[in-house]
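# What the coordinates show
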Amino acid sequence: MEVTSAFKRRGLLFVLSSPSGAGKSTIARMLMASDDGIAMSVSATTRPMRPGELAGRDYHFVSTERFEEMVAAGEFLEWAHVFGHRYGTLKREVRQTIEGGRDVLLDIDWQGTQQLKQVDPDIVRVFILPPSMEELERRLRNRGTDSEDVIARRMERAAAEISHWAEYDYVLINNNAEKCRELVHNILKAERLKATRRVFLHDFVRELIG
Ligand code: 5GP
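Computed from a predicted structure; not experimentally measured.

Below, the discussion takes up the site of the ligand. In the neighbourhood of the ligand, 15 residues make up the surrounding shell, with Ser-43, Arg-47, Tyr-59, Tyr-87 and Asp-107 lying closest. Within the side chain of Tyr-87, an N or O atom sits 2.5 Å from an oxygen atom of the ligand. Here an oxygen atom of the ligand and a backbone polar atom of Gly-88 are 3.2 Å apart. Across the complex, the protein chains shield 93% of the 520 Å² of accessible surface that the ligand would expose by itself. Going through the elements one at a time, β5 (76-82) and β6 (85-90) are the ones with two or more residues in the shell around the ligand.

Here is the structure:
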C-alpha cells in the first residue's frame, strides 16, 4: 500500500472489531494510554453526534451529501453502511499517523475490515467477543442511552457482527477489560517484531556479520 512504503518500519494497520457493548472502545482507549506508538484513526460518519462526543475526536461528523462527495473524490480507504448510517476510514487520517511514525488503530466493522484487507493484505485484525449475549445486553442497557427498540436492533446486529469472528487473525473474549487490554497489547508488540516489518534491519545485520 503506497501510504506506508516510504517509511522504515512499516506502520501497522491494527483493526479492532466487536459488536457494540463488547468493550472495544474502552480497550482501544486503554491501549492508547499504555502505548505511545499507536493512534486512533478518526472516521467520518453521517450518524448524529451523541452526548459526550466531540467532533474531530470521536468522528468527523458529515452530512450524507458531503459523505457522497468524499466517496466520489476517493477520500476513503474503506466505507460501509452500519445501523443505517455511513462510516468510513479516511486515507488522510491513516497517512498522517503513519507519516508521524505511529501505528494506526482502526475501530471498524467486519465490512470495513474485509475491504481494508483487499487494499492492504498486511493488516492485523483482532476480534473481541463478549463473554455472553446476556452480558452484552446488560452492558448495552447500562449505557442508558438507547430505547428498547434500539437495544433489540443492536442485539440482532451484534449476532451478525459476531458471525464474522473467524475472518480475523486474533480473537479474544472480554471477561475483564484490563486483561483484554494486556492481550491486545501483546498482539501489537509481537506483530511489530515480525521480520517482514523489520526489513530496515538488513543494514544492521550486514554490519553485524560482515
Ligand atoms: P458507533 O455508531 O457505535 O460509534 O459505531 C457503530 C459501528 O460502526 C461500530 O461497530 C464501529 O466499529 C463501526 N465503525 C466506526 N467507524 C467505522 C469506519 O470508518 N468504517 C467502518 N466500516 N465501520 C466503522
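The next point concerns unusual backbone geometry. Positive phi values are uncommon outside glycine, yet Phe-83 reaches one of about 50 degrees. Within the element layout of this structure, Phe-83 appears in the loop between β5 and β6. Taking the relative accessible area as the measure of exposure, Phe-83 reaches 31% and is therefore partly exposed.

Further remarks concern a nonpolar patch on the surface. Together, Phe-204, Val-205, Leu-208 and Ile-209 make up a nonpolar patch on the protein surface, roughly 430 Å² of accessible area in all. If you trace the backbone, Phe-204 turns up in helix α8 (residues 201-209).

Before going further, it helps to spend a moment on the packing of aromatic side chains. Summed over the entire model, instances satisfying the criterion amount to five aromatic pairs. Plain terms: the ring middles of Tyr-59 and Phe-61 are 5.8 Å apart, the flat faces sit at 65 degrees to each other, and that makes the pair edge-to-face. A relative accessible area of 17% places Tyr-59 in the buried class. For the ring pair Phe-127 and Tyr-168, a centre distance of 5.0 Å and an interplane angle of 70 degrees mean the geometry is edge-to-face. Highlighted residues: Phe-127 in strand β8 (residues 124-129) and Tyr-168 in the loop between α6 (148-162) and β9 (170-173), separated in sequence by 41 residues. Across from the ring centre of Phe-83, 4.6 Å away, lies the NZ or CZ of Arg-154, which sits over that ring.

With five of its six residues buried, β6 lies for the most part within the structure. Bridging between strand β3 (residues 44-45) and β6 involves two bridges; their strand directions are antiparallel. Paired with Ala-44 across the bridge in β6 is Gly-88. Connecting β5 to the antiparallel partner β6 that follows it, the hairpin turn spans two residues, and Phe-83 within it adopts a positive phi of roughly 50 degrees.

With that settled, the discussion passes to α6. With 15 residues, α6 should cover 21 Å at 1.5 Å per step; its first-to-last C-alpha distance of 21 Å lies within 8% of that length. On its buried side, α6 packs onto β1 (13-17), α4 (110-119), β8 and α5 (133-143).

Core analysis: the biggest nonpolar cluster contains 16 residues, and Phe-14, Leu-16, Leu-105, Val-126 and Val-184 have the highest contact counts within it. Listed by contribution, the elements that provide at least two residues to this core are β1, α1 (24-34), β8 and α7 (177-192). When residues no more than four places from it in sequence are discounted, the contact partners of Leu-16 are Lys-24, Ala-28, Leu-105, Leu-106, Asp-107, Ile-108, Val-126, Ile-128 and Val-184. With 14 residues, the next largest nonpolar core counts Val-15, Leu-77, Ile-108 and Phe-127 among its residues.

Strand order in this open sheet of four strands is β4-β3-β6-β5, and the pairing throughout is mixed. Since the sheet does not close on itself, it has two edges, and those belong to β4 (60-61) and β5, each with one partner. By the bridge criterion, six bridges tie β5 to β6 in an arrangement that is antiparallel. Along β6, the bridge assignment pairs Phe-76 with Leu-90. In the packing of helix α2 (residues 64-72) onto the sheet, contacts are made with β3, β5 and β6, and the angle to β6 comes to roughly 40 degrees.

Scoring rules and cut-offs
Residues numbered from 1 in each chain as written. Predicted model: local features only at pLDDT ≥ 70, side-chain atom pairs only at ≥ 80, totals over all residues. Heavy atoms only, no water. Near = heavy atom within 4 Å. Polar contact = N/O pair within 3.5 Å; in protein donor to acceptor, adjacent residues only side chain to side chain. Areas by Shrake-Rupley, 256 points an atom, 1.4 Å probe, with all protein chains shown as cover. Helix = DSSP H or I, 4+ residues; strand = E, 2+ residues; numbered from the N terminus. Buried < 20%, exposed > 50% of the residue type's maximum accessible area, 1.4 Å probe, protein only. Patch = residues over 30% accessible without salt bridge, like charges linked within 9 Å, V, L, I, M, F, W, Y side chains within 5 Å. Salt bridge = Lys/Arg side-chain N within 4 Å of Asp/Glu carboxyl O. Phe/Tyr/Trp six-rings, centres within 6.5 Å; stacked < 30°, edge-to-face > 60°. Lys NZ or Arg CZ within 6 Å of the ring centre and 35° of its normal. Pairing = 2+ DSSP bridges. Expected span 1.5 Å × (residues − 1). Contact = heavy atoms within 4.5 Å. Core = buried A, V, L, I, M, F, W, Y, C linked by side-chain atoms within 4.5 Å. Axes fitted to C-alpha atoms, helices over the stretch in contact; angles between N-to-C directions.

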